[in-house]
Every structure is written in structure tokens, then in C-alpha cells.
Amino acid sequence: MSELRPRVDAMKPRAPMPTRTADPRPPDKFPSRGRYPSYLAFGACGAFLLLSAQLLIRGVWALGDGEAAWDAYIVSFGHPVYLAYHVAAFIGLTWFALRLFRLFPATQPNRMGPMKRPADAVLVAGLYGVFFTVLAVGTLFLGGALL
Amino acid sequence: MSEKLKKTFIVTRFDPDKDEVPKTQTYEIEVEPDWKILDALNHIKDTVDPTLSHRWSCRMAVCGSCGMTVNGEPKLTCKDPLSSYGDTIEISPLANFPIVRDLVVELEGFMEKFQEVKPWIMVAKERAVEEGTTRQSPEELADFKGFSMCINCMLCYSACPVVSNEPEFLGPAALALGHRYNQDTRDEGSHVRNAVFRDEGAIFSCSFANECSEVCPKNVNPSGAIQQAKLANVIDWATSFVVKRGEDVS
């Protein structure tokens, strides 16, 4: 019988060398293929969030500056550029919210505090309920029905 | 016996000794209708071109070795039947990884990222044998079991647009694995892992493309794990000002 023992480093290279590789390639046809365009559009809607937040801050600032400043702020919304922006922002942010609602259940843990997580459909229905309630209250408020 | 199908495979080839950049080679072969992509690649290697290199092992979507890009989508090639594809099938190595040869990619960077999240149970003090086993309820197990189903196939890294643009990003599988240990009731090292999570190139680099969860062959949902980790880390950071964190763990 052979006295030879197995060599544990038999496959070790004689000298350390970097592996010669070709550069990584980005995902095929990024960003036009498959689900990538909706992901990029989702990210781009951040611009609407940023601009709308700035408009809101401007409103708070105008409130602090007195009635005349507030009236000028409200009147400025009648400008065609603002109207176009608001239509685009409404469409963009509605789509943003709906995509977020679709993904939301997958981001929730198995348990919420002591409770077991509700079914995905319940979570999504709850989000839709809150969204449309806020939308209705906001519309009534801006339309003057709640003042 | 079922009738054979004729399929055309456009396969990426790269020989580091000869090629500067990868190229493609076309193979027209007859396949059985119930074959998977991997069966066709093995057939090409066995009977047409023995120089073709690809990685595989278990042939039943368990080992995670045979991940490749098939018609632009990261796939386990042992999983999908050829009948679910058209007459022409493009096969290339996983995107976002350096190519070693043909369809084989470099794994070293991936393995290093795994170590970063400390994917093991950390405890402040080892339990004595006399104390018995650590108990865990089925509910506690269910909190992280899904995240522990990862087979390290790397499809999520290949699909992730953040990995493409931010190479230092720890990536979906590693972050999901770290979150899995943070959710484990036997673990006491979440504050250590959370420090890694809050660093650059970790959970807050994720922009929620959700591609990782879409392509995951085991429904691990890495994207969900990362979003959960984001919320847990915000809470952990906020409460760290008032609650003392755990002892040193190992």
C-alpha cells in the first residue's frame, strides 16, 4: 500500500496571481428593458415631491408674511405654468403612490408588534382608503368647502 | 419519444488568453422539449464545443451555481424549460460581475460583501451546556425563515441597477442575510450589524427598484428585507440616544 498522504494544497497556484477577467457589463438593455423604465420613472417622481414640498414651504412663509402675501401666493396658482405643473404633479404622484402601494406589502414584517401581519389585500385596501380620503379632504379644503 | 426541437443559441464567449472583450458564438442544435437551458449548454459542451465554460452543479435549483443571463433576464438555467423560450435564445454571463471565462463570473467581490454583514449568530456570552438549548417559537422562526432561503445564486446582484452604478453597494443578498440574523431571537449582535447597515453603500443606497425580488428564484424577497432594515435602523438610531446598546458580542 502506498505511504503517500494527500496534499491539501495540491490545487494552490505556485504564485498568487489576479484572475484575468473581462469588465462587468450592466444589465441587458438597461434602462429601456422590462421593469427598469417604471423604476426610473418612480425615482424621477422625487422631483415632484421636492418641488411640491418647496411650494408648501413657500405657502407657510407667505402665511407668516401676512394676508397680502398669502393672497398673492394663492393668486400665483392661477398662472398657466403652475396649472400645468400641478396637473403633471398630480398624475406623477398618483402613479408614484399606486406603485408604492403595490410594493408595500412585501416590505412589511411577518408580525406588526404583537399582531400577525394582515393579509396583503387588507394592507393595500387600507392604503387606497387613506389615499382617497386624503385626496377628497384636500380637494374639499382647496375648493373652499371646508372653510 | 417526443419530437426534437431545433433551437439557436447565441452564447457569450470570452477566453482571457485570446480575447480583449467578450464576443458571441452561435450554436444551432436539436433539443428535447423537456430540456432546460442547462441541458442544452451541457449538450453543446459534450457534443459540439468542449471549450465552452459554464458553472453548474445540482440541476434542481438548489445549489445556485448555474445563474446566467437568458434573453436579458437573470435566470437559473436549470429551472426554466426550453419550451418556454422562442427559437433563438441569447445566453450571457450574469451582468454586474467580472467575466472569468465564457459564462463563468468572478465571485470574490460577492463573497467579501457577504462577510461585511457578519452573517453569523453573535452572542455576548456563550451559553453553558447545562443551560440547555436556546428555544425559539414557530412565530419567531417565521420572522426570518424566508430570508434564510437564499441559495447565493447572485441573480439579485445581476438585476440590481444600484450594483451597476455603485460597485461598493453591499447588495441585496448580503443585506437580506444580515437582516435575517438581526431578526433571529438567538442573536445579540444587531447593533453591530446595524452600524454596517447605516454606513455608505448599505441599506440606504437601495433605491427600491425591487428587481432583486422579481428575479429571485427562491422568493427570498431581498428588497422587502432591505426596506424592513431601513425602518428598523431608523428606530435603532433614534432610540440609541436613550437606550444603552448591548454588550460586546462575538
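Conventions adopted
- Residues numbered from 1 in each chain as written.
- Chains lettered and ligands numbered in written order.
- Predicted model: local features only at pLDDT ≥ 70, side-chain atom pairs only at ≥ 80, totals over all residues.
- Helix = DSSP H or I, 4+ residues; strand = E, 2+ residues; numbered from the N terminus.
- Buried ≥ 20, exposed ≤ 12 C-beta atoms within 10 Å, placed from the backbone.
- Contact = placed C-beta atoms within 7 Å.
- Domains from an automatic or database assignment.
- Pairing = 2+ DSSP bridges.
- Axes fitted to C-alpha atoms, helices over the stretch in contact; angles between N-to-C directions.
- Core = buried A, V, L, I, M, F, W, Y, C linked by C-beta atoms within 7 Å.
- Nonpolar A, V, L, I, M, F, W, Y, C, P; charged D, E, K, R; others polar.
- Parallel < 35°, antiparallel > 145°, perpendicular 65-115°, else oblique.
- pLDDT = per-residue confidence, 0-100.
- Left-handed = near helix turned anticlockwise from the far one by under 90°.
- Expected span 1.5 Å × (residues − 1).

1. Focus: the overall build of chain A
- Within chain A, the secondary structure is distributed over five helices and two strands.
- From first element to last, N terminus to C terminus, chain A shows the α and β order α-α-α-α-β-β-α.
- Evaluated residue by residue, chain A yields a buried proportion of 4% over its 147 residues.
- Sequence separation of at least 24 residues holds for 37% of the intrachain contacts in chain A that already meet a minimum separation of 6.

2. Some points on the domain arrangement of chain B
Residue and element names in this part refer to chain B.
- Domains assigned within chain B are domain 1 (5–105) and domain 2 (108–239).
- A separation of 30 Å is found between the C-alpha centroids of domain 1 and domain 2.
- Counting residues per element, the side of domain 1 that touches domain 2 draws most heavily on strand β4 (residues 73–76), which supplies three residues.

3. What to know about the sheet that holds strand β5 (residues 88–92) of chain B
All names here are of chain B.
- Judged by pairing direction, the sheet is mixed, and its five strands sit side by side in the order β2-β1-β5-β3-β4 without closing on themselves. Looking at the sheet topology across the chains shown, the edges are occupied by β2 (23–31) and β4. Between one strand axis and the next, the sheet turns through 35° on average, direction left out of account.
- Taken together, the four bridges between strand β1 (residues 5–13) and β5 define a ladder with parallel strand orientation. Note that in β5 the partner of I10 across the bridge is E90.
- Each of β1, β2, β3 (67–70) and β5 is contacted by helix α1 (residues 37–48), which is oriented at about 95° to β2, the strand it contacts most.

4. What about the nonpolar core?
All names here are of chain B.
- Among the nonpolar cores identified, the biggest contains 55 residues, and C156, C160, L175 and A176 are the most heavily contacted of them.
- Among the secondary structure elements, those contributing two or more residues to this core are β1, α1, α4 (155–159), α5 (161–165), α6 (172–183), α8 (211–215) and α9 (222–239).
- Split by domain, this core shows at least three residues from each of two domains, domain 1 (5–105) and domain 2 (108–239).
- With near-sequence residues (within four places) excluded, C156 lies in contact with P172, A173, C212, V215, C216 and P222.

5. Some thoughts on unusual backbone geometry
- The omega torsion of the bond from A:F30 to A:P31 falls at 10°, within 30 degrees of zero and hence cis.
- Mapping A:P31 onto the fold places it in the segment before α1 (36–44).
- Phi at B:N210 is positive, roughly 70°, even though this residue is not glycine.
- Note that B:N210 resides in the loop between α7 (190–197) and α8.

6. Examining the interface of chain A and chain B
- At the interface, 23 residues of chain A touch 31 residues of chain B.
- Looking at which element gives the most residues to the side of chain A that touches chain B, the answer is α1(A), with three residues.
- A class-by-class count of the residues in the side of chain A that touches chain B yields ten nonpolar, five polar and eight charged.

7. Quick look at the environment of A:A62
- With respect to the helices, strands and loops of the structure, A:A62 is situated in helix α2 (residues 46–64).
- When the C-alpha positions of A:A62 and A:P118 are compared, they lie 43 Å apart, and in sequence the two are 56 residues distant.

8. Observations regarding the packing of α2(A) against helix α3 (residues 67–76) of chain A
All names here are of chain A.
- The N-to-C vectors of α2 and α3 enclose an angle of 150°; their axes lie 6 Å apart at closest approach. Overall, the two elements α2 and α3 adopt an arrangement that is roughly antiparallel. Across the interface between the two elements, R58, G59, A62 and L63 of α2 pack against A69, W70 and Y73 of α3.
- Tallied by class, residues from the contact of α2 with α3 come to five nonpolar, one polar and one charged.

9. Some remarks on the confidence of the model for chain B
- Overall, the predicted model of chain B reaches an average pLDDT of 93, with 98% of residues at or above 70.
- Listed scores for the predicted complex are pTM 0.87 and ipTM 0.82.

10. Observations regarding the pairing of β3(B)
Residue and element names in this part refer to chain B.
- As paired strands, β3 and β4 are joined by four bridges and run antiparallel to one another. Each residue of the ladder has a partner; that of T69, found in β4, is P74.
- Here β3 folds back onto β4 in antiparallel fashion, the turn holding two residues, of which N71 has a positive phi close to 50°.
- Pairing geometry for β3 and β5, over two bridges, is antiparallel. The residue bridging V70 from the neighbouring strand is I91, located in β5.

11. Considerations on the packing of α6(B) against α7(B)
All names here are of chain B.
- Running from amino to carboxyl end, α6 crosses α7 at an angle of 155°, the nearest separation of the two axes being 9 Å. Taken together, the axis directions place α6 and α7 in an arrangement best described as roughly antiparallel. Every pair of crossing elements has a handedness; the one defined by α6 and α7 is left-handed. Across the interface between the two elements, G178, Y181 and N182 from α6 touch S190, R193 and F197 from α7.
- Classifying every residue of the contact of α6 with α7 gives two nonpolar, three polar and one charged.

12. Considerations on α2(A)
Residue and element names in this part refer to chain A.
- In this model α2 runs 27 Å from its N-terminal to its C-terminal C-alpha over 19 residues, within 8% of the 27 Å that 1.5 Å per residue would give.
- Of all 19 residues that make up α2, zero are buried, and the element is exposed over most of its length.
- In the stretch just after α2, G66 is the one whose phi turns positive, near 110°.

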